[in-house]
Amino acid sequence: MNTLPQQLANGLFLGSMYGLIAIGYTMVYGIVQLINFAHGEIFMTGGFGALTVYLVLPDGISMWIALPAMLIGGALVAVLIAVGAERFAYRPLRGAPRLAPLITAIGLSLALQQVVFNLYPDARTSRVFPQLPFGPFHLGSVNIQSGDVFLVIAAFLCMTALAFFIRTSRTGRAMQATAQDPDTAQLMGIDTNRIIVIAFAIGGLFAAVAGVAYGLKYGSIDYSMGFQAGLKAFTAAVLGGIGNIYGAMLGGIVLGLAEAMATAYIADIPGMEQFGGQGWASVWAFILLILVLLLRPQGLLGERVADRA
């Protein structure tokens, strides 16, 4: 039990990253009822976009100067890809059976992986990501890395800014109306196509921030990192209540805590030694998801977007 504070911190940090990615899933689903399975790769391209910016900056530049430029570069790449996917891949299929955009999303996911794989040949292993020039910190028995500090601050600021935007801006209210009833919203003069593009753009922005946070946390990125992180983020969105922005972050944190606890303590239970460790973390996370959905199929906070955005 001496490691419990550290495991709780690890779960919070990991869950914050899942939550940032999950917001992109849940916003798009809440408005157009589409599961964008390419969103994990948008997260990946955001990380590589940030790395590309760092590589073209002068050698020896301070990370305090490089980091804002990396965030802007990663965000531009991720947002452009997300908006392009909506315009050219998903919008033509908006009236098609739901299986068509789902297959398209999977194809787009594979295509983005191959694009990065070919642009960065050594991405098939991993690319070293620059690190922040401070840390680690020790809070009692808890060890906190510099990437974890960035991750928690970024998640808090992103969630706060999004909540303020949704509740107070004209566009935010239009997003709520479109999520509640897109046909009626269009009759009231709301440009639903514009609202959908904004939802994709916000999701791409948050995914890029998560991509930078991933690189800062783990010290490297690779072309396949979006698959598992995207799958976990989708799980977090379903766990919290697909279509619910706050539920996405809550689901991410619950999922991160479940992984951290399972990794640390399952093996200590008599007869469960072979089911512990990092290799089983994802299994226990999905077992948690199944249990929650059996008891509460709508997720922890439900699916209502307009009332909870």
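In this report, we go over the structure that sits alongside the text. Because the structure is a prediction, the values reported are computed rather than measured.

Quick look at the overall build of the protein
And step 1. Across its full length, the protein holds 11 helices and four strands.
And step 2. Its C-alpha atoms give the protein a radius of gyration of 19 Å, within 12% of the compact-globule value 19 Å for 309 residues.
And step 3. For the protein, the spread of C-alpha atoms along the three principal axes comes to 60 × 55 × 35 Å.
And step 4. Relative to its full complement of 309 residues, the protein shows a buried share of 51%.
And step 5. Sequence separation of at least 24 residues holds for 76% of the intrachain contacts in the protein that already meet a minimum separation of 6.
And step 6. Here the protein has roughly 14,200 Å² of accessible surface; of this, 67% comes from carbon and sulfur atoms.
And step 7. In the protein, which carries 15 positive and 14 negative side-chain charges, the distance between the mean positions of the two groups comes to 10 Å.

A closer look at the side chain of Gln 6
And step 1. Its location among the elements puts Gln 6 in helix H1 (residues 4-32).
And step 2. Not counting residues within four places of it along the chain, the set of residues in contact with Gln 6 comprises Ser 141, Val 142 and Asn 143.

Things to note about unusual backbone geometry
Negative phi characterises most residues that are not glycine, and trans characterises most peptide bonds.
And step 1. Unlike most non-glycine residues, Gln 33 shows phi in positive territory, near 55°.
And step 2. You can see Gln 33 is positioned in the loop between H1 and helix H2 (39-56).
And step 3. Given a relative accessible area of 36%, Gln 33 falls into the partly exposed group.

Concerning helix H5 (residues 146-168)
And step 1. Taking 1.5 Å as the rise per residue, H5 with 23 residues should run 33 Å; its terminal C-alpha atoms sit 33 Å apart, in good agreement.
And step 2. Within the span of H5, buried status applies to Ser 146, Gly 147, Asp 148, Phe 150, Leu 151, Ala 154, Ala 155, Cys 158, Met 159, Leu 162, Ala 163 and Ile 166.
And step 3. Turning to H5, the residues buried within the fold contact H1, helix H3 (63-90), strand S3 (142-144), helix H6 (170-180), helix H8 (192-218) and helix H10 (245-265).

Description of H6
And step 1. Within H6, burial applies to Thr 171, Gly 172, Ala 174, Met 175, Gln 176, Thr 178 and Ala 179.
And step 2. In the core, the buried residues of H6 are packed alongside H1, H5, helix H7 (182-187) and H8.

Things to note about the layout of surface pockets
And step 1. In this structure, the largest pocket encloses a volume near 410 Å³.
And step 2. Surrounding the largest pocket, 19 residues form its lining, Leu 14, Tyr 18, Tyr 218, Glu 259 and Gln 278 being those nearest its centre.
And step 3. Mapped onto the lining of the largest pocket, the elements with two or more residues apiece are H1, H8, helix H9 (225-240), H10 and helix H11 (281-295).
And step 4. Its residues assigned to classes, the lining of the largest pocket shows nine nonpolar, seven polar and three charged.
And step 5. Each pocket or cavity is described by its volume, and for the second largest pocket that value is around 310 Å³.
And step 6. Only H1, H3, helix H4 (99-119) and H8 provide two or more residues apiece to the lining of the second largest pocket.

So, the environment of Thr 52
And step 1. Along the polypeptide, Thr 52 turns up in helix H2.
And step 2. On a C-alpha basis, the gap between Thr 52 and Ala 85 in space is 21 Å, while along the polypeptide they are 33 residues apart.

Some remarks on the side chain of Glu 259
And step 1. One can find Glu 259 in helix H10.
And step 2. On the accessibility criterion, Glu 259 (3% relative accessible area) is buried.
And step 3. Aside from chain neighbours lying at most four places away, what touches Glu 259 is Leu 14, Tyr 18, Lys 232, Ala 281 and Ala 285.

As for the pattern of salt bridges
And step 1. The tally for this structure, following the rule as stated, stands at four salt bridges.
And step 2. Close ionic contact of Arg 94 with Glu 86 constitutes a salt bridge, the shortest N to O distance being 2.5 Å.
And step 3. Here Arg 94 falls in the partly exposed class, since its relative accessible area comes to 36%.
And step 4. Looking at Glu 86, the relative accessible area reads 1%, which means it is buried.
And step 5. Three or more residues joined by partner-sharing salt bridges are found here, namely Glu 86, Arg 91 and Arg 94.

Brief notes about the packing of H5 against H8
And step 1. At a minimum axis distance of 8 Å, the contact between H5 and H8 shows a crossing angle of 170°. Taken together, the axis directions place H5 and H8 in an arrangement best described as roughly antiparallel. Note on element contacts: H8 touches H5 through Ile 202, Phe 206, Val 209, Val 212, Ala 213, Leu 216 and Lys 217, opposite Gly 147, Asp 148, Phe 150, Leu 151, Ala 154, Cys 158, Leu 162 and Phe 165.

Quick notes on the packing of aromatic side chains
And step 1. For the structure shown, the criterion picks out nine aromatic pairs.
And step 2. Ring geometry for Phe 48 and Tyr 120: centres 4.9 Å apart, planes at 50°, overall tilted. Placement of Phe 48 in helix H2 and of Tyr 120 in the loop between H4 and strand S1 (127-128) is noted, with a sequence separation of 72 residues between them. Both residues of the pair, Phe 48 and Tyr 120, count as buried.
And step 3. Members of the aromatic cluster, each reached through a chain of ring pairs, are Tyr 25, Phe 37 and Phe 234.
And step 4. Above the face of the Phe 88 ring, Arg 87 is positioned so that its terminal group lies 5.7 Å from the ring centre.
And step 5. It is Lys 217 that lies over the ring of Tyr 218; its NZ or CZ is 5.4 Å from the centre.

Procedures and definitions
- Residues numbered from 1 in each chain as written.
- Predicted model: local features only at pLDDT ≥ 70, side-chain atom pairs only at ≥ 80, totals over all residues.
- Heavy atoms only, no water.
- Helix = DSSP H or I, 4+ residues; strand = E, 2+ residues; numbered from the N terminus.
- Rg over C-alpha atoms; globule rule 2.2 N^0.38 Å.
- Buried < 20%, exposed > 50% of the residue type's maximum accessible area, 1.4 Å probe, protein only.
- Contact = heavy atoms within 4.5 Å.
- Areas by Shrake-Rupley, 256 points an atom, 1.4 Å probe, with all protein chains shown as cover.
- Lys, Arg positive; Asp, Glu negative; His and termini not counted.
- Charge placed at Lys NZ, Arg CZ, Asp CG, Glu CD.
- Expected span 1.5 Å × (residues − 1).
- 1 Å grid on protein atoms, 1.4 Å probe; cavity = no way out; pocket = protein on both sides within 12 Å on 5 of 7 lines; lining within 4 Å.
- Points joined across faces, edges and corners; volume = space filled by probe spheres on them.
- Nonpolar A, V, L, I, M, F, W, Y, C, P; charged D, E, K, R; others polar.
- Salt bridge = Lys/Arg side-chain N within 4 Å of Asp/Glu carboxyl O.
- Axes fitted to C-alpha atoms, helices over the stretch in contact; angles between N-to-C directions.
- Parallel < 35°, antiparallel > 145°, perpendicular 65-115°, else oblique.
- Phe/Tyr/Trp six-rings, centres within 6.5 Å; stacked < 30°, edge-to-face > 60°.
- Lys NZ or Arg CZ within 6 Å of the ring centre and 35° of its normal.

No statement about biological role is implied by the geometric values presented.
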